[in-house]
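These are the residues of each chain, in order.
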Amino acid sequence: MLVLIDELVNIYKIPNSITRQYNYEKILTMYNDTLQGKAKYFGIIMCGTPQCIEDTRRGIYSYEALRSRLTEGRFSSGDTRDMLAPIIRLSPLTNEEMLILVEKLADIHAQLFGYEQSLTQDDFITFIQIEYSRVGADSHITPREIIRDFIELLDILYQNPKLKVAELMGSENFSYAKTPLEEQAADELREYAEFTL
């Protein structure tokens, strides 16, 4: 049996330190039982942000017994990681990896609803460019947001077969985000729009 636990950050957010510690104690018990063979054929995968793991005040590392078991060794570095370690740090998906992901999602969507997938490579690239051109996307956009937007795009195209993908992505909802300088220039133009000589 494999148990997947997402959003460990919810334990991190518990305001009462005693309650947090009880939760961390349960995690320690699960870790020890699986590592020592007491829970045969049982695996646990937990997911959390670096902050909820490494914060020594509130995070998992605030529980010393867990910190000593989960901390990386001295030999792991940026490019050479121990993929058998208890904590595996994931790198954010690159633009190219997101492109591959949306291509796969388009194929799955077409199979699920039984239609011929018609989006081109250029359509996928345009979609990814639009998503990553949002203000703050370089540091704040998540795969969840991109997937949500792409599935919505596929759903709309499926429900409206006469609609062209270029029209939809060219609409106001899918337009490129403007840089702060472009926004400022547009505001200045609007300010003088009614001015005549």
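So, a few notes on the structure that sits alongside this text. Just so you know, these numbers come straight off a predicted model, no measurement behind them.

1. Considerations on the nonpolar core
Ranked by size, the top nonpolar core spans 20 residues in total, and within it Val-102, Phe-127, Phe-150 and Leu-153 carry the most contacts. Of all elements in the fold, only helix H5 (95-113), helix H6 (121-132), helix H8 (143-159) and helix H9 (165-169) reach the threshold of two or more residues within this core. Residues in contact with Val-102, not counting those within four places in the same chain, are Phe-124, Phe-127, Ile-128, Ile-146 and Phe-150. Formed by 16 residues, the second largest nonpolar core is a distinct cluster that contains Leu-8, Ile-14, Leu-66 and Ile-87.

2. Observations regarding helix H2 (residues 17-35)
Owing to its 3.6 residues per turn, the α-helix brings residues three or four apart onto one side. Here H2 contains 19 residues, and its C-alpha end-to-end distance of 26 Å stays within 8% of the 27 Å for a straight helix at 1.5 Å per residue. By the burial criterion, the buried members of H2 are Arg-20, Tyr-24, Ile-27, Leu-28 and Asn-32. For H2, the arc enclosing every buried residue in end-on projection is 135°, short of the 170-degree limit, so these residues lie on one face. Among the exposed residues of H2, those pointing more than 90 degrees away from its buried face are Ile-18, Tyr-22 and Lys-26. Buried positions along H2 lie against helix H1 (9-12), strand E2 (43-46), helix H3 (50-54) and helix H4 (64-70). Its side-chain oxygen at 2.9 Å from the backbone nitrogen of Ile-18, Asn-16 defines the N-terminal cap of H2. Directly beyond the C-terminal end of H2, a positive phi value near 85° is found at Gly-37.

3. Looking at the pattern of salt bridges
All chains considered together, the criterion is met by five salt bridges. When the shortest N-O distance is used, the salt bridge between Arg-89 and Glu-54 registers 2.4 Å. Here Arg-89, found in the loop between H4 and H5, pairs with Glu-54, found in helix H3; they are 35 residues apart in sequence, far enough to count as distant. For Arg-89, a relative accessible area of 30% gives the class partly exposed. Of the residues examined, Glu-54 reaches a relative accessible area of 32% and is grouped as partly exposed. Taken together, the shared-partner salt bridges in this structure form one network comprising Glu-54, Glu-72 and Arg-89.

Conventions adopted
Residues numbered from 1 in each chain as written. Predicted model: local features only at pLDDT ≥ 70, side-chain atom pairs only at ≥ 80, totals over all residues. Heavy atoms only, no water. Core = buried A, V, L, I, M, F, W, Y, C linked by side-chain atoms within 4.5 Å. Buried < 20%, exposed > 50% of the residue type's maximum accessible area, 1.4 Å probe, protein only. Helix = DSSP H or I, 4+ residues; strand = E, 2+ residues; numbered from the N terminus. Contact = heavy atoms within 4.5 Å. Expected span 1.5 Å × (residues − 1). Arc of directions from axis to C-beta. Polar contact = N/O pair within 3.5 Å; in protein donor to acceptor, adjacent residues only side chain to side chain. Salt bridge = Lys/Arg side-chain N within 4 Å of Asp/Glu carboxyl O.

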